[in-house]
Amino acid sequence: MPGKQILVIDDDTDLSYIICDMLENYGYSVTCANDSDTAFSLLTDHTYHVILMDINLPGMSGFEICRELRKVSKVPVLFASARTNENDRITGFDIGGDDYLPKPYSLKELLVRVNALIRRTYDYKEEEEIIRFGNIEVHTASRQVKKNDEVISLSLKEFDLLAFLLENKNAAVSKERLLSGVWGAFTEVEPSTLTVHIRWLREKLEDDPKNPLFIKTVWGIGYMLQTL
C-alpha cells in the first residue's frame, strides 16, 4: 500500500521512531507528533490516511483530539495505549475511534491492523484503477489524468480535489468537507481557495468551463462531480 500517509501521535519518541521505521519499510509515508499542539498543526496543513494515537499526551489527550477531529474528518483513528481497562476502550470507540490496540503490542500486529484499516476504509487495490467519464480518464495509482487520450497536467492539490470528488461522484459534497478532505482537518484555508481550484480544474477538464458538464456547482451546498 505504497504512498499512504500515516500520522503517529505519541509522546514516546523512541517508540515513535521504531514505528516510523517499520511502517516506512512497508511503503508507508509516516509523520510523527509528540504532543497535541504539533498534531493539530500537522492536521491543519496535511491530510492522512490513518492516525495512530496514544491517549496520554502533553496538552490535550488523544480522546480530546479524536473528538475535535470527528467534527471535521472521518480519517481512521487507531488508538494505541497502555490504558487497557474496559471503560477506556469503550470511550475510544464511542468518540469515533476505529480500533484500539493495547500496549505493549508487537509491530507485526500493528502492521496488520494498519493494513486492515487501509483496506476497509479505502478498498485498496494493487492494480491501477482507471476511472472514465466523458472524454476524461483518471489513473488513480499513477495520479495521471487524460483528456481525449492526451495527458493533462494537474497540480498536487488539483488532483487531490478531483480524487475526492471522484470518491463522492454524483453526490453533492459540501465546501467544508472538501476543504477538510483535501487541505487538512483543521485547515485555515479560505473558501476562496477551493473556488479557485474548482475553476482551474474546470479550465483543464471541461470543453466549456463556463458551462461545465462534469464539475457542477450545487448552490447552497458545494460541488458535485457528475459522471452519469
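Residues numbered from 1 in each chain as written. Predicted model: local features only at pLDDT ≥ 70, side-chain atom pairs only at ≥ 80, totals over all residues. Heavy atoms only, no water.

Moving on, we come to the overall build of the chain. Within the chain one finds eight helices and twelve strands. A compact globule built from 228 residues would reach a C-alpha radius of gyration of about 17 Å, and the chain, at 19 Å, matches this within 12%. For the chain, the C-alpha atoms occupy an extent of roughly 60 × 35 × 25 Å along the three principal directions. Expressed as a percentage of the 228 residues in the chain, the buried residues total 45%. Put simply, of all contacts in the chain between residues at least 6 apart along the chain, 56% involve residues at least 24 apart. Here the chain has roughly 12,000 Å² of accessible surface; of this, 49% comes from carbon and sulfur atoms. Charge-centre separation for the chain: the mean point of 26 positive side chains lies 6 Å from the mean point of 36 negative side chains. (Helix = DSSP H or I, 4+ residues; strand = E, 2+ residues; numbered from the N terminus. Rg over C-alpha atoms; globule rule 2.2 N^0.38 Å. Buried < 20%, exposed > 50% of the residue type's maximum accessible area, 1.4 Å probe, protein only. Contact = heavy atoms within 4.5 Å. Areas by Shrake-Rupley, 256 points an atom, 1.4 Å probe, with all protein chains shown as cover. Lys, Arg positive; Asp, Glu negative; His and termini not counted. Charge placed at Lys NZ, Arg CZ, Asp CG, Glu CD.)

So, on to the UniProt feature "domain: Response regulatory" (unreviewed entry) in the chain. The positions that UniProt labels "domain: Response regulatory" (unreviewed entry) are, in the present scheme, residues 5-118. Between the C-alpha atoms that bound residues 5-118 the distance is 10 Å, and the span itself is 46% helix and 20% strand. (UniProt positions renumbered as here; feature names shortened; annotations may be inferred.)

On to the pairing of strand E6 (residues 130-133), then. The side-chain alternation of E6 yields one buried face, formed by Ile131 and Phe133, and one unburied face, formed by Ile130 and Arg132. In sequence, E6 turns back onto strand E7 (residues 136-139) through a hairpin of two residues, with Gly134 there showing a positive phi of about 60°. (Pairing = 2+ DSSP bridges.)

Next up on the list: the sheet that holds strand E10 (residues 173-174). Taken together, the three strands give an open sheet; going across it, the order is E10-E12-E11, and neighbouring strands pair in antiparallel fashion. Both edges of this open sheet fall to E10 and strand E11 (215-218), since each of them pairs with a single strand only. In this sheet, strand E12 (residues 222-225) lies alongside E10 in antiparallel orientation, the contact comprising two bridges. From the neighbouring strand, Val173 faces E12, where its bridge partner is Tyr223.

Per the stated rule, a full pass over the model turns up three aromatic pairs. With a centroid separation of 5.1 Å and 80° between ring planes, the pair formed by Phe133 and Phe214 is classed as edge-to-face. Highlighted residues: Phe133 in strand E6 and Phe214 in the loop between helix H8 (191-205) and E11, separated in sequence by 81 residues. Residue classification places Phe214 among the buried positions, given a relative accessible area of 9%. (Phe/Tyr/Trp six-rings, centres within 6.5 Å; stacked < 30°, edge-to-face > 60°.)

Under the definition given, this model contains twelve salt bridges. In this structure, Lys103 engages Asp10 in a salt bridge whose closest nitrogen and oxygen atoms are separated by 2.8 Å. Pair noted here: Lys103 is in the loop between strand E5 (99-102) and helix H5 (107-122) and Asp10 is in the loop between strand E1 (5-9) and helix H1 (13-25), with a separation of 93 residues, a long-range link. Look at Asp10 and you get buried, because its relative accessible area is 3%. Where Arg132 meets Glu137, a salt bridge forms, and the shortest distance between an N and an O atom there is 3.3 Å. With a relative accessible area of 55%, Arg132 lands in the exposed category. Here the residues in one salt-bridge network are Asp10, Asp54 and Lys103, joined through shared partners. (Salt bridge = Lys/Arg side-chain N within 4 Å of Asp/Glu carboxyl O.)

As summarised here, the arrangement of the five strands in space is E2-E1-E3-E4-E5, forming an open sheet in which the pairing is parallel. The open sheet terminates on both sides in strands that have one partner only, identified here as strand E2 (29-33) and E5. Strand after strand, the sheet turns through a mean of 20° between neighbouring axes, direction not considered. Contacts from H1 reach E1, E2 and strand E3 (50-53), with the element oriented near 170° to E2. This element, helix H2 (residues 36-45), spans E1, E2 and E3 of the sheet and lies at about 140° to E2. (Axes fitted to C-alpha atoms, helices over the stretch in contact; angles between N-to-C directions.)

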